[in-house]
Structure formats: structure tokens, C-alpha cells
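These are the residues of each chain, in order.
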Amino acid sequence: MKTPKRIQPLIDEGIIDEVLRPLMSGKEASVYVVRCGNAIRCAKVYKDASQRSFKKAVQYQEGRKVRSSRRARAMEKGSSFGREQQEESWQHAEVDALYKLADAGVRVPEPYGCYDGILLMELILDEDGDVAPRLNDITLEPEQAKRDHKTMMQHILRMLAAGLVHGDLSEFNVLQDPTGPVIIDLPQAVDAAANNNAQWMLSRDVNNITQYYGQFAPELLKTKYAKEIWALFEAGNLNPDTELTGEFAEDEQLADIDAVLDEINAAYNEMQERKARNAAAEQDD
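So, here is what we can say about the structure in this document. From a predicted model like this one, the values you see are computed outputs, not experimental measurements. (Residues numbered from 1 in each chain as written. Predicted model: local features only at pLDDT ≥ 70, side-chain atom pairs only at ≥ 80, totals over all residues. Heavy atoms only, no water.)

Attention shifts here to the pattern of salt bridges. A full pass over the atoms with the stated rule returns 11 salt bridges. Here Arg-107 ties to Glu-122 by a salt bridge, and the two come within 3.3 Å at their closest N and O atoms. In this pair, Arg-107 is assigned in the loop between helix H4 (80–103) and strand E4 (111–115) and Glu-122 in strand E5 (residues 118–122), connecting sequence segments 15 residues apart. When its relative accessible area of 21% is taken as the criterion, Glu-122 is described as partly exposed. For the salt bridge of Glu-219 with Lys-146, the shortest nitrogen-to-oxygen distance reads 3.3 Å. Here the residue Glu-219 occupies a position in the loop between helix H6 (198–214) and helix H7 (225–234), and Lys-146 occupies one in helix H5 (residues 142–161), the gap between them amounting to 73 residues. Judged by relative accessible area, Glu-219 falls into the partly exposed class, the value being 41%. (Salt bridge = Lys/Arg side-chain N within 4 Å of Asp/Glu carboxyl O. Helix = DSSP H or I, 4+ residues; strand = E, 2+ residues; numbered from the N terminus. Buried < 20%, exposed > 50% of the residue type's maximum accessible area, 1.4 Å probe, protein only.)

Below, the discussion takes up the environment of Ile-11. On the secondary structure map, Ile-11 appears in helix H1 (residues 8–12). As for Ile-11 and Cys-36, which are separated by 25 residues in sequence, their C-alpha atoms are 9.4 Å apart. Those residues in contact with Ile-11 that sit more than four places away from it in its chain are Thr-3, Ile-16 and Val-19. (Contact = heavy atoms within 4.5 Å.)

The structure is reproduced here in C-alpha cells:
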């Protein structure tokens, strides 16, 4: 196929030998299958901010540390240099998250580096050697759904133990390889300790994943993993190898009306976002 203009410099430098085919185009990037020597990998080409449709990016970037105070000031002012640095920060957030989560025992694609807005990483394959499907494209037997849901809850726990919340986790950004689920798409990962939205983002991640697996094993819909995981985090008792139960003893105090309304609004927003993801997935297909 014709080499995309953004990838050509990496071919000129010998980092990539050949672009084999496009894999998908999403809200923040286009992904291609590429050959690097004898290895087949994927290249994620990030879109410019003006072309990205990822909503509420500022909300996700809250609390991210910038090493240079000059860069931080430029990003706050929104100068052209600041916007450039913000883009670089957005792109490198995924690379940093991939390395950190792999070290924490979370199943993510292995990264091979980020070059001028292009992330090279492992191409996840199924048992036949084809590109692994997204969860949204497969059906599961109840027992496998329960096993994989438990695996995902452990991954979310380990992510939080490593200080991160995915922030946009759903059946659309988890792949299924022969060993189980593989988490992808992490440029919006948030710092759990520094981002004020981390708790509800974690709850949304857990609920999205539980809703998916609950289609095949309805008993999962009664679990309370989000509250259990966050309570461990707040109490300072979070261990990456903690055996989760999915149970949580609710506070028996009278309900806070504002909190109830917040939960209703959050549920409505989740429903709207799920509809948007479904529409985007249909367009990608």
C-alpha cells in the first residue's frame, strides 16, 4: 500500500521497513500494520488535536506532571509552543503508561518507542495468527466471561496500584488474545492521586467492563468491584495481588441527595457515551 506521509520519515530512518495495511482509524489515531525487519508490529499514528474527537481532554490531563517549568507555563498560556508540548505530553502519556503497566503485570501491548507522534508496539494476534478482535466483536460462554471479568478486575486493581486509572475503558478498547483480555488505548490514562476525577473514572471503567461481561454471566452485574477497589486505595491498603471479592459493605447512613443525583447524571452520561462508542465502532467497521 501507499506509505502514509506521517510514517515515511520512519521508513527513511530504517525504523520501519514497510507499511502492510491499515488496521483501524479511531478518535485519536490511525493504526497500521507494519514490518520492522522480520517482526510484524503496529504503528499508531496520533491525529493532530484539531482532528481528534476525544472529548474533555483537559479533564484527563489534570494532575499530569511536566518536567520543565517553561513547558508547563507555555501549556497553561496556550501558546503555539505550549500546544506543541501538550500534544507531545498526550502522546508520551500512552508510552509511559504501557511501560509502567507492563511492569505492574497488566496485560498491555509491548511498546517499542514513540517517534514524532507515532507509537510502535506489539501487534496483538488471536490463536490463528490473525489480528485479535475487540471484546465488542466476540461472544463468550458464561464460565469464560466470569474468568475474564475476574482477570480484568485484577488488571484494573494493578493499574490503580501503579497509580493509574485507564479513564476510557470499555469493550471497545480491550482485545482478546489466546491468553485472555489485553488492554489498549491509554493516552488519556490519569494519575489516580492527582486527578480529582479519578474515582468516578475508575467506577465508569469497572461498570463498563462489568456490563459487557454481564451480558454472558448476569450474576456479575450484582458485584461491587469499583467500590471495593477504591476503598482499598483510599485506606492505603491497595496491593496488586489483593484477592478481590466483588463485595462491599455499604455505609448505612442516610443517602446524600446530591450524591444520588450525581450518580444518576453519571449513569446518563455513561449511556450517552456508550451510544457514541457504538456509533463510532459501526463507522470503523
